[in-house]
Amino acid sequence: MDAVRIEEFRDAALLELKRAERYRTFLSLLVLNLSELLVNISRRKLESPEQIDELIASAAKRIKLDARETDKISFFEDGRLAMLLPETDFTGARAAAGRMEDLISEFLAEFLQCDYQFSVPLEITSFPGPASDISLKSRLKNLITNN
């Protein structure tokens, strides 16, 4: 993902966070880490960088079809997928995470023509969250600066 798109995601996320704080609504960030999965798949099944790019583009298209119109979805170069879920509490984000994990696992099995059940590591951060939990603003900062 180029710097402009990273900045667009960050700006949209910070705007949604301000809106959530002002109107006392929920906001969740879901981060699926596909990096290790992509490395393992590329070692075993994919022969070129073009095939990896095709896999990522196809996965993004499938995920965007399943997401709500108001959700913001971005892929980062390090293999992470970030989803910003406005008006979604932690419980709703956990349900969305389960759907996304199933969707990605099914997609990968189709794409790679195998019956394997893929597991996708994920993190959920919600606003408002427990005082001891990392804040959504900190998670966004870490997500974007690690790219």
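Scroll up for the structure.
Examining the overall build of the chain
Check the secondary structure of the chain and you find five helices and four strands. Ordered by position from the N terminus, the helices and strands of the chain form the series α-β-α-α-β-β-α-β-α. Burial status across the chain gives 40% buried among its 147 residues.

So, empty space enclosed by the protein
Evaluation of the coordinates by the stated rule reveals one cavity of 30 Å³ or more. Taken as a whole, the largest cavity holds about 80 Å³ of empty space. Those elements that place two or more of their residues in the lining of the largest cavity are helix H2 (35-44), helix H3 (49-66) and helix H4 (90-112). Tallied by class, the residues present in the lining of the largest cavity amount to 10 nonpolar, no polar and no charged.

Comments concerning the nonpolar core
Of all hydrophobic cores here, the largest spans 28 residues; its most connected members are Leu30, Leu32, Leu34, Ile63, Leu81, Met83 and Ile104. Elements represented by at least two residues in this core include exactly strand E1 (27-33), H2, H3, strand E2 (72-75), strand E3 (80-86) and H4. No other element matches H4, which puts 10 residues into this core. What leucine 30 contacts, discounting residues up to four positions off in sequence, is Leu81, Ala82, Met83, Leu85, Ala96, Ala97, Met100, Leu122, Glu123 and Ile124.

A short note on helix H5 (residues 136-145)
Leu136, Arg139, Leu140, Leu143 and Ile144 are the residues of H5 that are buried. Take H5 and look down its axis: the buried residues cluster within an arc of 125°, on one side only. Residues of H5 that are exposed and point over 90 degrees away from its buried face: Lys141 and Thr145.

Some remarks on the pattern of salt bridges
Inspection of every chain in the model, using the stated rule, returns five salt bridges. For the salt bridge of aspartate 11 with arginine 10, the shortest nitrogen-to-oxygen distance reads 3.0 Å. Residue classification places arginine 10 among the partly exposed residues on the basis of a relative accessible area of 31%.

Quick notes on the pairing of E1
Successive side chains on a regular strand alternate, one facing one side of the sheet and the next facing the other. Most of E1 is tucked away: six of the seven residues are buried. By the bridge criterion, seven bridges tie E1 to E3 in an arrangement that is antiparallel. Along E3, the bridge assignment pairs asparagine 33 with arginine 80. Where E1 meets strand E4 (residues 122-127), six bridges bridge the pair, whose relative direction is antiparallel. Directly across from leucine 30, in E4, lies its bridge partner isoleucine 124.

Regarding the side chain of serine 28
Structurally, serine 28 is set in strand E1. Accessibility expressed as a relative area gives 0% for serine 28, which makes it buried. From its side chain, serine 28 meets the backbone oxygen of aspartate 89 in a polar contact 3.4 Å long. A polar contact is formed between the side chain of serine 28 and the side chain of serine 126, at a distance of 2.6 Å.

Scoring rules and cut-offs
Residues numbered from 1 in each chain as written. Predicted model: local features only at pLDDT ≥ 70, side-chain atom pairs only at ≥ 80, totals over all residues. Heavy atoms only, no water. Helix = DSSP H or I, 4+ residues; strand = E, 2+ residues; numbered from the N terminus. Buried < 20%, exposed > 50% of the residue type's maximum accessible area, 1.4 Å probe, protein only. 1 Å grid on protein atoms, 1.4 Å probe; cavity = no way out; pocket = protein on both sides within 12 Å on 5 of 7 lines; lining within 4 Å. Points joined across faces, edges and corners; volume = space filled by probe spheres on them. Nonpolar A, V, L, I, M, F, W, Y, C, P; charged D, E, K, R; others polar. Core = buried A, V, L, I, M, F, W, Y, C linked by side-chain atoms within 4.5 Å. Contact = heavy atoms within 4.5 Å. Arc of directions from axis to C-beta. Salt bridge = Lys/Arg side-chain N within 4 Å of Asp/Glu carboxyl O. Pairing = 2+ DSSP bridges. Polar contact = N/O pair within 3.5 Å; in protein donor to acceptor, adjacent residues only side chain to side chain.

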